[in-house]
Amino acid sequence: MHKSIKPVFYDGRLYVRQSGQSTREYHGEAIDEFKREREELRAEHRMRLAQYGDEEKTDEQENTTIETTPAQHPVVPAVIEEVNKPTIDTSHWRPNLLHDHETGYVEPSGYLYFTGDDELLYSHKDLWLDGGNDCRLALTIPLDLADGYLVMAYAGEKAVKIPLSEIYDRGENNPMKHYADEPVMFAAIAGRDDALLCIAADSTGSTWRRVTKLTAIEQGHVNSVPRRFHDAPIDHTVAYDIVGNGAIERFADCLSDKMGSKRFGFTMRVREDAPQRDYRFNETFKNCDPTV
């Protein structure tokens, strides 16, 4: 897994990861400023090598061997460099602040990193891998969910829950292959009493929501084949989120255990390509948070 500390352009264009999983293309003065910040980071890295006694590395090696960064790391944006595979989405409401300079950061129990090699890596400390071209998703494990699950959800309304204890048992910095024969769309940390929200679209483009309690999601291993959690007719998966335990009753109209076998869920009253889609989806994601 590689984290570059030089700006790398893809097809002559520079993309930078923002907070969360979104990216933005930089232009003009923004590119110049980003280059200056990256040069400062490279200088800081050389100082760290001297301070911590690491063997001397060339500029080229600096681009391919950074694995850890001390807490006093400067605030710098992270560059997206020719991402090998699409990024993986995560919860829209559950905090996922990775670094100690971020406002609201709370030290987590540990970190999970998904890479373009269809591997999962666990570490109890921040490895600063989220800006590398090989990192599809970086997750914090909140202290209050350290005994919970990693939920992985795929296209086709398929999911698997994996006990975090199993991941811990595999050891730190030990890459684990996860199932990847189908596209993984979403991954998040969840408690035992949480639920999984799935938004899907029918053949007309109308969107529907369905909530399935995690107790009904099959438990497996990191490399387990995910199982479809319904038998109703629907065209394709659009989005996922975790529903906190205290918010599940807000979705009483689309709970899977109250659905007939041929009914997917409750209408979102918006088409997938409608201008109001993002607003309607964001309102639904907000309702997943039991503290709101």
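Residues numbered from 1 in each chain as written. Predicted model: local features only at pLDDT ≥ 70, side-chain atom pairs only at ≥ 80, totals over all residues. Heavy atoms only, no water.

Thoughts on the environment of Leu-150
Quick reminder of the rule: Helix and strand definitions follow DSSP, with helices as H or I runs of at least four residues and strands as E runs of at least two, each counted in order from the N terminus. Note on contacts: a residue pair is in contact if any heavy atoms of the two residues lie within 4.5 Å.
Examined against the element boundaries, Leu-150 turns out to sit in strand S7 (residues 149–154). For the pair Leu-150 and Lys-161, spaced 11 residues apart in the sequence, the C-alpha separation amounts to 5.7 Å. In this view, Leu-150 contacts Leu-112, Phe-114, Leu-120, Leu-139, Val-160, Lys-161, Ile-162, Leu-164, Ile-167, Ala-187, Ala-188 and Ile-189; residues no more than four positions away in its chain are not counted.

Side note on unusual backbone geometry
Residues other than glycine predominantly adopt negative phi, and peptide bonds predominantly adopt the trans conformation. Where we set the bar: Three labels apply to residues, based on accessible area from a 1.4 Å probe with only protein chains included: buried if under 20% of the type maximum, exposed if over 50%, partly exposed otherwise in between.
Positive phi, normally seen in glycine, also occurs at Asp-118, with a value near 60°. Among the structural elements, Asp-118 can be located in the loop between strand S4 (110–115) and strand S5 (119–123). Positive phi, close to 60°, is recorded for Glu-157, a residue that is not glycine. Classification of Glu-157 by relative accessible area gives buried; the value is 2%.

A closer look at the pattern of salt bridges
We count it as follows: Salt bridge, as used here, is a side-chain nitrogen of Lys or Arg placed within 4 Å of a carboxyl oxygen of Asp or Glu.
All chains considered together, the criterion is met by 10 salt bridges. A salt bridge links Glu-182 to Lys-158; its shortest N-O distance comes to 2.7 Å. Of this pair, Glu-182 sits in the loop between strand S9 (176–177) and strand S10 (184–190) while Lys-158 sits in strand S8 (residues 158–163), placing them 24 residues apart in sequence. Notably, a salt bridge pairs Lys-213 with Asp-257, separated by 3.9 Å at the nearest N-O pair. Of this pair, Lys-213 sits in strand S12 (residues 206–213) while Asp-257 sits in the loop between strand S14 (236–243) and strand S15 (266–271), and the two are 44 residues apart along the sequence.

Observations regarding the nonpolar core
The line we're drawing: Nonpolar core, defined: a set of buried Ala, Val, Leu, Ile, Met, Phe, Trp, Tyr and Cys residues in which side-chain atoms within 4.5 Å join the residues together.
Counting 39 residues, the largest nonpolar core has Leu-196, Leu-197, Ile-199, Val-211, Ile-242 and Val-243 as the members making the most contacts within it. The set of elements that each furnish at least two residues to this core consists of S7, S10, strand S11 (195–201), S14, S15 and helix H4 (277–287). It is S11 that provides the largest number of residues to this core, a total of seven residues. By size, the runner-up hydrophobic cluster in this structure holds 22 residues, among which are Phe-114, Leu-137, Ile-162 and Tyr-179.

Some remarks on the side chain of Ser-91
Selection criterion: N or O atoms within 3.5 Å of each other form a polar contact, as long as, within protein, one can give a hydrogen and the other can take it, and as long as residues adjacent in sequence are counted only when both atoms are side-chain atoms.
Mapped onto the fold, Ser-91 is located in the loop between strand S3 (78–80) and S4. A distance of 3.1 Å separates the side chain of Ser-91 from the backbone nitrogen of Arg-94, its partner in a polar contact. Ignoring any residue separated from it by four or fewer positions in sequence, one finds Ser-91 in contact with Phe-186, Ala-188 and Asp-241.

Quick notes on the sheet that holds S14
Keep this limit in mind: Only when DSSP finds a minimum of two bridges between them are two strands counted as paired. Think of each axis as a best-fit line through the C-alpha atoms, taken over the contacting stretch in the case of a helix, with angles from 0 to 180 degrees between the N-to-C directions.
In space, the four strands of this open sheet follow the order S14-S11-S12-S15, with antiparallel pairing throughout. Edge positions in the sheet fall to S14 and S15, since each has one partner strand and no second. If you compare each strand with its neighbour and ignore which way they point, the axes differ by 25° on average. Bridge count for S12 against S15 is three bridges, and the pairing is antiparallel. For Ser-206, the partnering residue across the bridge sits in S15 and is Arg-271. Contacting S11, S12, S14 and S15, H4 crosses the sheet at an angle of about 150° to S15.

With respect to the packing of aromatic side chains
Put simply, the rule is: Here a pair means two rings of Phe, Tyr or Trp (six-membered ring of Trp) with centres within 6.5 Å. Their orientation is stacked below 30 degrees between planes, edge-to-face above 60, and tilted elsewhere.
The tally for this structure, following the rule as stated, stands at six aromatic pairs. Taking 6.0 Å as the distance between ring centres and 40° as the angle between the ring planes, the aromatic pair formed by Phe-186 and Tyr-240 counts as tilted. One end of the pair, Phe-186, is in strand S10; the other, Tyr-240, is in strand S14, and 54 residues separate them in sequence. Each member of the pair, Phe-186 as well as Tyr-240, is classed as buried. Ring geometry for Phe-229 against Tyr-240: centres 6.5 Å apart, planes inclined by 65°, an arrangement best described as edge-to-face. Remark: Tyr-240 occurs in strand S14 and Phe-229 occurs in the loop between strand S13 (227–228) and S14; sequence separation between them is 11 residues.

Some words on the sheet that holds S13
Pairing within the open sheet is antiparallel, and its four strands lie in the order S10-S7-S8-S13. Two strands in the sheet have a free side with no partner beyond their single neighbour: S10 and S13. As paired strands, S7 and S10 are joined by six bridges and run antiparallel to one another. Within the sheet, the bridge partner assigned to Tyr-154 lies in S10 and is Val-184.

Considerations on the confidence of the model for the chain
The condition is simple: Confidence of the predictor in every single residue is expressed as pLDDT, which spans 0 to 100.
For the chain, per-residue confidence averages 84 on the pLDDT scale, and 76% of positions sit at 70 or higher. Contacts from residues 18–22, a stretch scored under 50 in pLDDT, to residues over four places away or in other chains number 10 contacts. Counting contacts from residues 54–83, a segment whose pLDDT is below 50, to residues more than four positions away or on other chains yields 73 contacts.

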